[in-house]
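One-letter residues, chain by chain:
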Amino acid sequence: MILRQLWKGLLLGLWVVTLSCATHDQTQTDTQKKEVPDDSTRLAALPTDVPTPANNPTTPEKVALGRLLFFDPILSGHKDVACATCHQPEFGFAESLEISIGVNGHGMGSKRAFRTPNAIPFVKRNSQTVLNAAFNGIRENGRVEASIAPMFWDLRAKGLEAQALEPIKSLEEMRGHRYPKEAALDSVIKRLLANAEYRLLFQKAFDSKNSITNRTLGQAIAAYERTLVGGNSRFDQYMRGDNTALSINERDGMQAFLKSGCAKCHNGPMLSDYQLHTLGVPDNEKLPETDAGVDNRYRFRTPTLRNLRYTAPYMHSGKLRTLEHVLEFYEDLSGDKIRNPKVSKAQLDPLLNSLKVSFKDISNIVEFLNTLNDEEFDRSTPKRVPSGLKVAGNLN
(Lines give C-alpha, C1' and ligand atoms only; values in the text may rest on other atoms or scores of the structure.)
Protein backbone atom coordinates (compact mmCIF):
# COMPACT_ATOMS: atom_id res chain seq x y z
CA MET A 1 0.00 0.00 0.00
CA ILE A 2 2.79 2.40 0.91
CA LEU A 3 4.59 1.64 -2.35
CA ARG A 4 1.39 2.22 -4.30
CA GLN A 5 0.90 5.64 -2.68
CA LEU A 6 4.50 6.57 -3.36
CA TRP A 7 4.08 5.56 -6.99
CA LYS A 8 0.90 7.65 -7.32
CA GLY A 9 2.70 10.61 -5.76
CA LEU A 10 5.59 10.26 -8.19
CA LEU A 11 3.25 10.15 -11.17
CA LEU A 12 1.37 13.21 -9.90
CA GLY A 13 4.63 15.11 -9.48
CA LEU A 14 5.73 14.26 -13.01
CA TRP A 15 2.36 15.39 -14.34
CA VAL A 16 2.64 18.75 -12.52
CA VAL A 17 6.19 19.29 -13.83
CA THR A 18 5.11 18.38 -17.38
CA LEU A 19 2.13 20.73 -17.15
CA SER A 20 4.36 23.50 -15.78
CA CYS A 21 6.88 23.09 -18.62
CA ALA A 22 4.14 23.04 -21.22
CA THR A 23 2.61 26.20 -19.74
CA HIS A 24 6.04 27.85 -19.70
CA ASP A 25 6.68 26.86 -23.33
CA GLN A 26 3.27 28.19 -24.38
CA THR A 27 3.88 31.45 -22.48
CA GLN A 28 7.28 31.76 -24.16
CA THR A 29 5.69 31.14 -27.58
CA ASP A 30 3.00 33.74 -26.86
CA THR A 31 5.69 36.22 -25.83
CA GLN A 32 7.64 35.56 -29.03
CA LYS A 33 4.48 36.15 -31.06
CA LYS A 34 3.95 39.45 -29.28
CA GLU A 35 7.51 40.48 -30.10
CA VAL A 36 6.78 40.10 -33.84
CA PRO A 37 3.45 41.89 -34.31
CA ASP A 38 1.81 42.40 -37.68
CA ASP A 39 2.66 46.09 -37.66
CA SER A 40 1.81 46.61 -41.31
CA THR A 41 -0.19 49.69 -40.31
CA ARG A 42 3.13 51.55 -40.55
CA LEU A 43 2.98 50.82 -44.29
CA ALA A 44 0.31 51.88 -46.77
CA ALA A 45 -0.65 51.85 -50.43
CA LEU A 46 -0.15 54.96 -52.51
CA PRO A 47 -3.30 57.03 -53.00
CA THR A 48 -4.83 57.01 -56.47
CA ASP A 49 -5.02 60.81 -56.56
CA VAL A 50 -1.78 62.74 -57.11
CA PRO A 51 -1.36 65.74 -54.78
CA THR A 52 -1.14 69.06 -56.63
CA PRO A 53 -0.51 72.54 -55.21
CA ALA A 54 -3.39 75.00 -55.53
CA ASN A 55 -1.27 77.50 -57.47
CA ASN A 56 -0.30 74.99 -60.17
CA PRO A 57 -3.32 72.94 -61.27
CA THR A 58 -2.46 70.22 -63.77
CA THR A 59 -3.63 70.71 -67.37
CA PRO A 60 -2.85 68.72 -70.53
CA GLU A 61 -1.12 71.78 -72.01
CA LYS A 62 1.22 72.16 -69.03
CA VAL A 63 2.04 68.46 -69.01
CA ALA A 64 2.83 68.44 -72.74
CA LEU A 65 5.06 71.49 -72.36
CA GLY A 66 6.79 70.14 -69.26
CA ARG A 67 7.51 66.85 -71.02
CA LEU A 68 9.32 68.65 -73.85
CA LEU A 69 11.29 70.80 -71.40
CA PHE A 70 12.28 67.72 -69.37
CA PHE A 71 13.88 66.13 -72.46
CA ASP A 72 15.28 69.32 -74.05
CA PRO A 73 18.99 70.21 -73.56
CA ILE A 74 18.12 73.88 -74.17
CA LEU A 75 17.94 74.20 -70.39
CA SER A 76 21.66 73.43 -69.95
CA GLY A 77 24.55 75.86 -70.32
CA HIS A 78 26.30 74.03 -73.17
CA LYS A 79 23.06 72.54 -74.55
CA ASP A 80 24.32 68.98 -73.98
CA VAL A 81 22.35 67.91 -70.89
CA ALA A 82 18.63 67.62 -70.20
CA CYS A 83 16.73 66.67 -67.05
CA ALA A 84 16.26 63.26 -68.69
CA THR A 85 20.02 62.74 -69.05
CA CYS A 86 20.26 61.73 -65.38
CA HIS A 87 16.59 60.74 -64.98
CA GLN A 88 16.07 58.20 -67.74
CA PRO A 89 12.77 56.34 -68.27
CA GLU A 90 14.46 52.94 -68.72
CA PHE A 91 16.15 53.34 -65.31
CA GLY A 92 12.95 54.27 -63.50
CA PHE A 93 13.71 57.98 -64.05
CA ALA A 94 17.04 57.61 -62.27
CA GLU A 95 20.17 56.09 -63.85
CA SER A 96 22.58 53.20 -63.38
CA LEU A 97 25.70 55.18 -62.42
CA GLU A 98 26.91 55.53 -58.82
CA ILE A 99 27.07 59.30 -59.26
CA SER A 100 26.12 61.10 -62.45
CA ILE A 101 28.11 62.62 -65.27
CA GLY A 102 26.22 65.70 -66.37
CA VAL A 103 27.88 68.53 -68.28
CA ASN A 104 30.53 67.54 -70.84
CA GLY A 105 29.48 63.90 -70.75
CA HIS A 106 28.57 61.51 -73.52
CA GLY A 107 27.13 58.01 -73.69
CA MET A 108 24.54 56.24 -71.57
CA GLY A 109 24.62 53.91 -68.58
CA SER A 110 27.96 52.19 -67.97
CA LYS A 111 29.32 53.68 -71.22
CA ARG A 112 28.82 57.28 -70.11
CA ALA A 113 32.08 59.22 -69.68
CA PHE A 114 33.46 62.75 -69.74
CA ARG A 115 34.69 64.22 -72.98
CA THR A 116 38.30 65.37 -73.07
CA PRO A 117 39.50 67.84 -72.12
CA ASN A 118 37.30 68.06 -69.04
CA ALA A 119 37.04 70.57 -66.19
CA ILE A 120 33.66 69.40 -64.83
CA PRO A 121 33.38 67.29 -61.65
CA PHE A 122 31.03 64.36 -61.13
CA VAL A 123 27.58 65.21 -59.81
CA LYS A 124 27.97 65.02 -56.05
CA ARG A 125 25.27 62.43 -55.26
CA ASN A 126 23.40 59.50 -56.73
CA SER A 127 20.55 60.46 -59.03
CA GLN A 128 17.28 59.91 -57.17
CA THR A 129 14.25 58.77 -59.11
CA VAL A 130 11.64 61.31 -60.17
CA LEU A 131 9.07 58.51 -60.37
CA ASN A 132 6.48 59.04 -57.61
CA ALA A 133 8.28 62.18 -56.43
CA ALA A 134 4.85 63.82 -56.57
CA PHE A 135 4.16 61.93 -53.32
CA ASN A 136 7.30 63.08 -51.50
CA GLY A 137 6.57 63.85 -47.88
CA ILE A 138 3.40 61.74 -47.69
CA ARG A 139 2.68 60.38 -44.22
CA GLU A 140 1.20 57.12 -42.96
CA ASN A 141 -2.26 58.72 -42.93
CA GLY A 142 -1.92 59.73 -46.59
CA ARG A 143 -1.63 63.46 -45.88
CA VAL A 144 0.83 65.46 -47.97
CA GLU A 145 1.32 69.12 -48.86
CA ALA A 146 2.61 69.27 -52.44
CA SER A 147 3.90 72.84 -52.22
CA ILE A 148 6.34 72.00 -49.41
CA ALA A 149 7.21 68.41 -50.34
CA PRO A 150 10.84 67.61 -49.34
CA MET A 151 13.28 67.22 -52.26
CA PHE A 152 16.88 66.09 -52.79
CA TRP A 153 19.16 64.11 -50.48
CA ASP A 154 19.69 67.21 -48.33
CA LEU A 155 16.13 68.66 -48.39
CA ARG A 156 17.39 71.88 -49.96
CA ALA A 157 14.22 72.45 -52.00
CA LYS A 158 10.52 72.14 -51.23
CA GLY A 159 8.02 71.15 -53.90
CA LEU A 160 8.57 69.87 -57.43
CA GLU A 161 8.34 73.40 -58.81
CA ALA A 162 11.44 74.46 -56.85
CA GLN A 163 13.21 71.13 -57.41
CA ALA A 164 12.93 71.45 -61.19
CA LEU A 165 14.99 74.66 -61.25
CA GLU A 166 17.90 73.64 -59.02
CA PRO A 167 19.82 71.45 -61.54
CA ILE A 168 19.73 74.29 -64.08
CA LYS A 169 21.84 76.37 -61.67
CA SER A 170 24.26 73.57 -60.76
CA LEU A 171 27.73 73.63 -62.37
CA GLU A 172 28.16 69.87 -62.78
CA GLU A 173 24.51 68.96 -63.44
CA MET A 174 23.42 71.34 -66.22
CA ARG A 175 25.01 74.82 -66.07
CA GLY A 176 28.65 74.17 -66.84
CA HIS A 177 30.95 77.18 -67.30
CA ARG A 178 28.72 78.98 -69.84
CA TYR A 179 27.42 81.53 -67.32
CA PRO A 180 27.59 82.12 -63.53
CA LYS A 181 25.06 80.52 -61.21
CA GLU A 182 23.16 83.74 -60.57
CA ALA A 183 22.62 84.23 -64.32
CA ALA A 184 21.59 80.65 -65.16
CA LEU A 185 17.82 80.94 -65.02
CA ASP A 186 17.71 84.32 -66.78
CA SER A 187 19.93 82.92 -69.56
CA VAL A 188 17.64 79.93 -70.06
CA ILE A 189 14.53 82.13 -70.10
CA LYS A 190 16.10 84.26 -72.87
CA ARG A 191 16.69 81.12 -74.93
CA LEU A 192 13.08 80.03 -74.52
CA LEU A 193 11.81 83.49 -75.41
CA ALA A 194 13.86 83.36 -78.62
CA ASN A 195 12.17 80.09 -79.65
CA ALA A 196 8.86 80.64 -81.48
CA GLU A 197 7.54 77.15 -80.70
CA TYR A 198 8.17 77.53 -76.97
CA ARG A 199 6.55 80.98 -76.98
CA LEU A 200 3.39 79.44 -78.42
CA LEU A 201 3.45 76.43 -76.07
CA PHE A 202 3.88 78.59 -72.95
CA GLN A 203 1.10 80.90 -74.13
CA LYS A 204 -1.28 77.95 -74.51
CA ALA A 205 -0.27 76.42 -71.17
CA PHE A 206 -0.47 79.61 -69.11
CA ASP A 207 -2.94 81.67 -71.15
CA SER A 208 -0.65 84.66 -71.48
CA LYS A 209 1.74 86.11 -74.08
CA ASN A 210 4.20 87.01 -71.32
CA SER A 211 4.20 83.60 -69.76
CA ILE A 212 7.85 82.47 -69.99
CA THR A 213 9.25 83.11 -66.52
CA ASN A 214 11.20 81.21 -63.87
CA ARG A 215 7.92 80.45 -62.15
CA THR A 216 6.16 79.00 -65.19
CA LEU A 217 9.27 77.05 -66.21
CA GLY A 218 9.25 75.25 -62.85
CA GLN A 219 5.48 74.79 -62.94
CA ALA A 220 5.50 73.18 -66.39
CA ILE A 221 8.24 70.67 -65.53
CA ALA A 222 6.53 69.88 -62.20
CA ALA A 223 3.20 69.29 -63.97
CA TYR A 224 4.87 66.67 -66.18
CA GLU A 225 6.70 65.06 -63.26
CA ARG A 226 3.36 64.60 -61.45
CA THR A 227 2.30 62.27 -64.26
CA LEU A 228 5.28 59.98 -63.53
CA VAL A 229 3.67 57.69 -60.99
CA GLY A 230 3.61 53.97 -60.33
CA GLY A 231 1.21 53.19 -57.52
CA ASN A 232 -0.24 49.84 -58.50
CA SER A 233 2.49 47.46 -57.40
CA ARG A 234 1.58 44.07 -55.93
CA PHE A 235 2.33 45.61 -52.53
CA ASP A 236 -0.31 48.30 -53.21
CA GLN A 237 -2.81 45.66 -54.31
CA TYR A 238 -2.14 43.68 -51.11
CA MET A 239 -2.55 46.73 -48.89
CA ARG A 240 -5.83 47.52 -50.65
CA GLY A 241 -7.21 44.12 -49.67
CA ASP A 242 -6.05 41.56 -52.25
CA ASN A 243 -4.52 38.88 -50.01
CA THR A 244 -3.44 36.86 -53.04
CA ALA A 245 -1.17 39.65 -54.36
CA LEU A 246 1.80 38.53 -52.23
CA SER A 247 3.26 35.06 -51.83
CA ILE A 248 3.90 33.48 -48.43
CA ASN A 249 7.62 34.28 -48.70
CA GLU A 250 6.87 37.89 -49.61
CA ARG A 251 4.52 38.27 -46.65
CA ASP A 252 7.17 36.71 -44.43
CA GLY A 253 9.61 39.22 -45.90
CA MET A 254 7.30 42.08 -44.96
CA GLN A 255 7.13 40.79 -41.40
CA ALA A 256 10.92 40.44 -41.30
CA PHE A 257 11.19 44.00 -42.64
CA LEU A 258 8.99 45.24 -39.79
CA LYS A 259 10.60 43.02 -37.14
CA SER A 260 14.08 44.22 -38.13
CA GLY A 261 13.13 47.84 -37.47
CA CYS A 262 13.40 48.97 -41.11
CA ALA A 263 9.99 50.67 -40.87
CA LYS A 264 11.31 53.04 -38.21
CA CYS A 265 12.49 55.17 -41.15
CA HIS A 266 10.97 53.44 -44.18
CA ASN A 267 7.26 53.86 -43.50
CA GLY A 268 4.10 55.29 -45.03
CA PRO A 269 3.00 54.95 -48.67
CA MET A 270 6.44 55.90 -50.03
CA LEU A 271 8.30 53.88 -47.37
CA SER A 272 10.22 56.96 -46.28
CA ASP A 273 9.91 59.26 -43.29
CA TYR A 274 11.65 62.01 -45.32
CA GLN A 275 13.86 62.81 -42.34
CA LEU A 276 17.64 63.21 -42.14
CA HIS A 277 19.69 60.36 -40.64
CA THR A 278 23.39 59.63 -40.10
CA LEU A 279 24.20 56.06 -41.16
CA GLY A 280 27.90 56.14 -41.98
CA VAL A 281 27.44 55.30 -45.68
CA PRO A 282 30.83 55.07 -47.45
CA ASP A 283 31.94 58.02 -49.56
CA ASN A 284 32.34 57.74 -53.31
CA GLU A 285 36.01 57.74 -54.26
CA LYS A 286 35.25 59.68 -57.46
CA LEU A 287 34.69 62.80 -55.37
CA PRO A 288 37.72 64.90 -54.41
CA GLU A 289 36.57 65.19 -50.78
CA THR A 290 34.17 63.60 -48.33
CA ASP A 291 30.45 64.36 -48.62
CA ALA A 292 29.52 65.40 -45.10
CA GLY A 293 25.84 65.94 -45.86
CA VAL A 294 23.59 68.37 -44.02
CA ASP A 295 25.33 70.54 -41.41
CA ASN A 296 28.54 68.50 -41.89
CA ARG A 297 26.96 65.74 -39.78
CA TYR A 298 26.74 63.13 -42.58
CA ARG A 299 22.96 63.33 -42.49
CA PHE A 300 20.95 62.44 -45.61
CA ARG A 301 17.26 62.02 -46.35
CA THR A 302 15.61 58.62 -46.23
CA PRO A 303 14.98 57.54 -49.85
CA THR A 304 11.83 55.82 -51.08
CA LEU A 305 11.94 52.03 -51.48
CA ARG A 306 9.61 52.00 -54.47
CA ASN A 307 10.77 50.70 -57.86
CA LEU A 308 14.19 49.70 -56.56
CA ARG A 309 14.49 47.16 -59.39
CA TYR A 310 15.16 50.05 -61.79
CA THR A 311 17.11 52.50 -59.65
CA ALA A 312 20.30 50.69 -58.54
CA PRO A 313 22.89 51.50 -57.27
CA TYR A 314 21.74 52.72 -53.87
CA MET A 315 22.41 55.27 -51.12
CA HIS A 316 23.49 58.89 -51.64
CA SER A 317 26.97 57.84 -52.79
CA GLY A 318 25.75 55.00 -55.00
CA LYS A 319 28.26 52.66 -53.35
CA LEU A 320 25.84 49.78 -52.64
CA ARG A 321 25.04 48.02 -55.91
CA THR A 322 22.38 45.50 -54.88
CA LEU A 323 19.59 45.21 -52.34
CA GLU A 324 21.52 42.39 -50.68
CA HIS A 325 24.47 44.78 -50.26
CA VAL A 326 22.16 47.36 -48.68
CA LEU A 327 20.81 44.87 -46.16
CA GLU A 328 24.31 43.57 -45.40
CA PHE A 329 25.31 47.20 -44.75
CA TYR A 330 22.51 47.46 -42.18
CA GLU A 331 23.47 44.10 -40.71
CA ASP A 332 26.97 45.51 -40.18
CA LEU A 333 25.46 48.53 -38.43
CA SER A 334 23.57 46.15 -36.13
CA GLY A 335 27.00 44.79 -35.17
CA ASP A 336 28.51 48.27 -34.72
CA LYS A 337 30.55 48.08 -37.92
CA ILE A 338 30.66 51.53 -39.55
CA ARG A 339 31.65 51.66 -43.24
CA ASN A 340 32.63 55.35 -43.30
CA PRO A 341 35.80 55.94 -41.21
CA LYS A 342 34.92 59.64 -40.88
CA VAL A 343 31.73 58.84 -38.95
CA SER A 344 31.97 57.87 -35.28
CA LYS A 345 29.53 55.66 -33.39
CA ALA A 346 28.40 58.67 -31.38
CA GLN A 347 27.30 60.39 -34.60
CA LEU A 348 25.04 57.54 -35.74
CA ASP A 349 21.30 58.03 -35.61
CA PRO A 350 19.84 56.70 -32.30
CA LEU A 351 17.15 54.85 -34.26
CA LEU A 352 19.86 52.40 -35.33
CA ASN A 353 19.84 51.03 -31.77
CA SER A 354 16.54 49.30 -32.56
CA LEU A 355 17.68 48.03 -35.97
CA LYS A 356 18.33 44.28 -35.99
CA VAL A 357 18.82 42.99 -39.53
CA SER A 358 19.62 39.28 -39.50
CA PHE A 359 21.41 37.52 -42.35
CA LYS A 360 18.78 34.76 -42.38
CA ASP A 361 16.05 37.33 -43.17
CA ILE A 362 17.81 39.10 -46.03
CA SER A 363 16.49 36.97 -48.91
CA ASN A 364 12.88 37.25 -47.69
CA ILE A 365 13.19 41.01 -47.18
CA VAL A 366 14.51 41.36 -50.73
CA GLU A 367 11.52 39.37 -51.99
CA PHE A 368 9.24 41.80 -50.16
CA LEU A 369 11.04 44.86 -51.53
CA ASN A 370 10.55 43.57 -55.05
CA THR A 371 6.78 43.66 -54.55
CA LEU A 372 7.11 47.46 -54.45
CA ASN A 373 7.97 47.57 -58.15
CA ASP A 374 5.30 48.86 -60.52
CA GLU A 375 6.03 48.02 -64.15
CA GLU A 376 3.31 50.27 -65.56
CA PHE A 377 4.81 53.75 -65.60
CA ASP A 378 5.20 56.11 -68.56
CA ARG A 379 8.49 55.39 -70.33
CA SER A 380 7.70 57.32 -73.50
CA THR A 381 10.04 60.00 -74.85
CA PRO A 382 9.28 62.73 -77.39
CA LYS A 383 10.54 62.13 -80.92
CA ARG A 384 11.81 65.70 -81.08
CA VAL A 385 12.13 68.80 -78.89
CA PRO A 386 11.48 72.42 -79.95
CA SER A 387 15.18 73.40 -79.75
CA GLY A 388 16.09 70.83 -82.41
CA LEU A 389 18.80 69.46 -80.07
CA LYS A 390 19.28 65.78 -79.22
CA VAL A 391 16.38 64.43 -77.18
CA ALA A 392 17.51 63.79 -73.56
CA GLY A 393 20.97 65.26 -74.21
CA ASN A 394 24.13 63.73 -75.51
CA LEU A 395 23.58 60.03 -74.80
CA ASN A 396 25.51 58.78 -77.83
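Residues numbered from 1 in each chain as written. Predicted model: local features only at pLDDT ≥ 70, side-chain atom pairs only at ≥ 80, totals over all residues. Heavy atoms only, no water.

S.K.: Even after reading the chapter, I still don't get the overall build of the protein, so can you show me in this structure?
M.R.: From N to C terminus, the protein includes 13 helices and six strands. Of all 396 residues assigned to the protein, the portion counted as buried reaches 52%. Summarising the internal contacts of the protein: among those between residues at least 6 apart in sequence, 71% fall at separations of at least 24. Accessible surface, the protein as shown: approximately 19200 Å² in total, 54% of it carbon and sulfur. (Helix = DSSP H or I, 4+ residues; strand = E, 2+ residues; numbered from the N terminus. Buried < 20%, exposed > 50% of the residue type's maximum accessible area, 1.4 Å probe, protein only. Contact = heavy atoms within 4.5 Å. Areas by Shrake-Rupley, 256 points an atom, 1.4 Å probe, with all protein chains shown as cover.)

S.K.: Sorry, what's going on with helix α12 (residues 323–334) here?
M.R.: The periodicity of an α-helix, 3.6 residues per turn, causes residues three or four places apart in sequence to face the same way. With 12 residues, α12 should cover 16 Å at 1.5 Å per step; its first-to-last C-alpha distance of 17 Å lies within 8% of that length. All buried positions along α12 are accounted for by L323, V326, L327, F329, Y330, D332 and L333. Structurally, α12 contributes buried residues whose contacts are with α13 (362–369). Downstream of α12 by a residue or two, D336 has a phi angle that is positive, lying close to 65°. (Expected span 1.5 Å × (residues − 1).)

S.K.: Please explain the pattern of salt bridges as it appears in this structure.
M.R.: A pair can form between side chains of opposite charge whenever their charged atoms are brought close. Applying the stated criterion across every chain, the model contains 21 salt bridges. With a shortest N-O distance of 2.9 Å, R339 and D332 are connected by a salt bridge. The exposure class of D332 is buried, given its relative accessible area of 18%. (Salt bridge = Lys/Arg side-chain N within 4 Å of Asp/Glu carboxyl O.)

S.K.: Is there a simple way to explain helix α7 (residues 184–193) in this structure?
M.R.: Residues A184, L185, V188, I189, R191 and L192 constitute the buried set of α7. Around the axis of α7, the buried residues are gathered within 155° of arc, so they sit on the same side. Where α7 is buried, its residues touch α2 (60–71), α5 (166–169), α6 (171–175), α8 (196–206) and α9 (214–225). (Arc of directions from axis to C-beta.)

S.K.: Quick question: what am I supposed to make of the packing of aromatic side chains here?
M.R.: The geometry of an aromatic ring pair comes down to the distance between the two centres and the angle between the two planes. Scanning the model with the defined rule gives 12 aromatic pairs in all. Aromatic pair F114 and F122: ring centres 5.1 Å apart, planes at 75°, arrangement edge-to-face. Judged by its relative accessible area of 17%, F114 is buried. On the accessibility criterion, F122 (23% relative accessible area) is partly exposed. Through pairs of rings, three or more aromatic residues link up here, namely F70, F71, F93, Y224, Y310 and F377. (Phe/Tyr/Trp six-rings, centres within 6.5 Å; stacked < 30°, edge-to-face > 60°.)

S.K.: Is there a simple way to think about the nonpolar core in this case?
M.R.: Note that soluble globular proteins tend to have their nonpolar side chains buried in a common cluster. Ranked by internal contacts, the top residues of the largest apolar core, which has 44 residues, are L69, L75, L192 and L217. Only α2, α3 (83–86), α7, α8 and α9 provide two or more residues apiece to this core. Looking at this core element by element, the count peaks at six residues for α2. Apart from residues no more than four positions distant in its own chain, L217 is found in contact with L69, L75, L165, I168, V188, I189, L192 and F202. Within the second largest apolar cluster, 38 residues are counted, among which are L246, M315, V357 and V366. (Core = buried A, V, L, I, M, F, W, Y, C linked by side-chain atoms within 4.5 Å.)

S.K.: Quick question: what am I supposed to make of the environment of C265 here?
M.R.: Looking at the secondary structure, you find C265 in the loop between α11 (248–259) and β5 (276–278). Here the alpha-carbon distance between C265 and H277, two residues 12 residues apart in the chain, equals 8.9 Å. Once residues within four sequence positions are removed from consideration, C265 is found in contact with S272, D273, H277, T302 and L351.

S.K.: How should I be thinking about the environment of V385 in this particular structure?
M.R.: Structurally, the position occupied by V385 is in the segment after α13. Relative accessible area serves as the criterion here: at 2%, V385 is assigned to the buried category. In sequence terms V385 and I74 are 311 residues apart; their C-alpha atoms lie 9.2 Å from each other. Excluding residues that lie within four positions of it along the chain, V385 makes contacts with L68, F71, D72, P73 and V391.

S.K.: For this particular structure, what's the right way to read the side chain of Q163?
M.R.: The topology assignment puts Q163 in helix α4 (residues 160–163). Once residues lying within four places of it in the same chain are set aside, the contact partners of Q163 are M151, F152, A157 and E225.

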